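Observations on chain architecture
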Amino acid sequence: MKLSRILVLSLCLGLAGGCLAAAQTPAAATQPPAASSGSPAAKIGVFIYPKKEQTPKQQADDESACYASAQQQTGIDAAAAPAPQEADKKKGGGVKGAAGGAAIGAIAGDAGTGAAVGATAGAVRGRRQQKKANKQAEQQAQQQGQAQQQQRLDTFRRAFSACIDSKGYSVK
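Note that the coordinates shown come from a computational prediction; the quantities given were computed from them, not determined experimentally. (Residues numbered from 1 in each chain as written. Predicted model: local features only at pLDDT ≥ 70, side-chain atom pairs only at ≥ 80, totals over all residues. Heavy atoms only, no water.)

With that out of the way, let us pick up the overall build of the chain. Each helix and strand counted, the chain has five helices and two strands in total. The secondary structure elements of the chain, listed N-terminal to C-terminal, are α-α-β-α-α-α-β. When each of the 172 residues of the chain is scored for burial, the buried share is 26%. In the chain, the proportion of contacts linking residues at least 24 apart, taken out of those at least 6 apart, comes to 77%. (Helix = DSSP H or I, 4+ residues; strand = E, 2+ residues; numbered from the N terminus. Buried < 20%, exposed > 50% of the residue type's maximum accessible area, 1.4 Å probe, protein only. Contact = heavy atoms within 4.5 Å.)

As structure tokens, this is what we get:
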């Protein structure tokens, strides 16, 4: 009887330890590069070259005017950071796992001990699956947000490029 309790306890501690180790693993944080504090063209990642011998002062004025024009036409503030999207998080994984584990444990033998072991193992597994699903949903929401931000920036760049091109500059 003592041996079975020791085995049950060590199984529970092993499962709990694995969950703690997985929860403490640092996630790779990806930060977008900071926008340059240079010219408006540099902030949106385009290169401007004068075709008609414009002075640097004239180029700076033209870039500022076209940046403001693109902002007004598109309604997009290219310098503003996008609002982070919230992922739909799943809840109740531990409870569902515990219920299933308790039923399996009760069927396997000693109803009290088996149900306790099954419930513990099921709860741990259920929480692990829930965390995995939440992480995947979070990554998907982040990717969608990045794609939307890229589309907005591309729209802004097109408006800026059209304006600056009309003022006699080459844009790449």
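Next comes the rest of the description.
One recurring pattern in soluble globular proteins: nonpolar side chains tend to sit buried together. One finds I44, V46, I48, F156, F160 and I164 to be the most contacted residues of the largest nonpolar core, which totals 17 residues. Listing elements by their share of this core, those giving two or more residues are helix 2 (40–44), helix 3 (56–74), helix 5 (111–166) and strand 2 (169–171). Here this core takes six residues from helix 5, the largest share from any one element. Beyond its immediate sequence surroundings of up to four residues, I48 is in contact with A41, Q59, E63, F160, I164, Y169, S170 and V171. (Core = buried A, V, L, I, M, F, W, Y, C linked by side-chain atoms within 4.5 Å.)

Okay, the state of the cysteines next. Under the counting rule described, the total for this entry stands at one disulfide. Disulfide pairing is shown between C66 and C163; the S-S distance is 2.1 Å. Every disulfide takes its handedness from the sign of the S-S torsion; for C66 and C163 that torsion is -70°, giving left-handed. You can see C66 sitting in helix 3 and its partner C163 sitting in helix 5, a full 97 residues away along the chain. Each of the two residues, C66 as well as C163, counts as buried. (Disulfide = S-S within 2.5 Å.)

The next subject is the side chain of E63. Here E63 is to be found in helix 3. K43 is the oppositely charged side chain nearest to the buried, salt-bridge-free E63, at an N-O distance of 9.3 Å. Once residues within four sequence positions are removed from consideration, E63 is found in contact with S39, P40, A41, I48, F160 and I164. (Lys, Arg positive; Asp, Glu negative; His and termini not counted. Salt bridge = Lys/Arg side-chain N within 4 Å of Asp/Glu carboxyl O.)

What follows covers the confidence of the model for the chain. The pLDDT averaged across the chain works out to 76; a share of 56% of its residues lies at or above 70. Considering only residues more than four positions removed or in separate chains, one finds that residues 25–36, a stretch of pLDDT under 50, has three contacts. (pLDDT = per-residue confidence, 0-100.)

Attention shifts here to the pattern of salt bridges. Taken as a whole and judged by the stated rule, the model has three salt bridges. One salt bridge connects D61 with K57, and the closest N-O pair in it is separated by 3.1 Å. Linking D61 with K57, this pair stays in helix 3, spanning four residues, or about one helical turn. The class of D61 is partly exposed, set by a relative accessible area of 36%.

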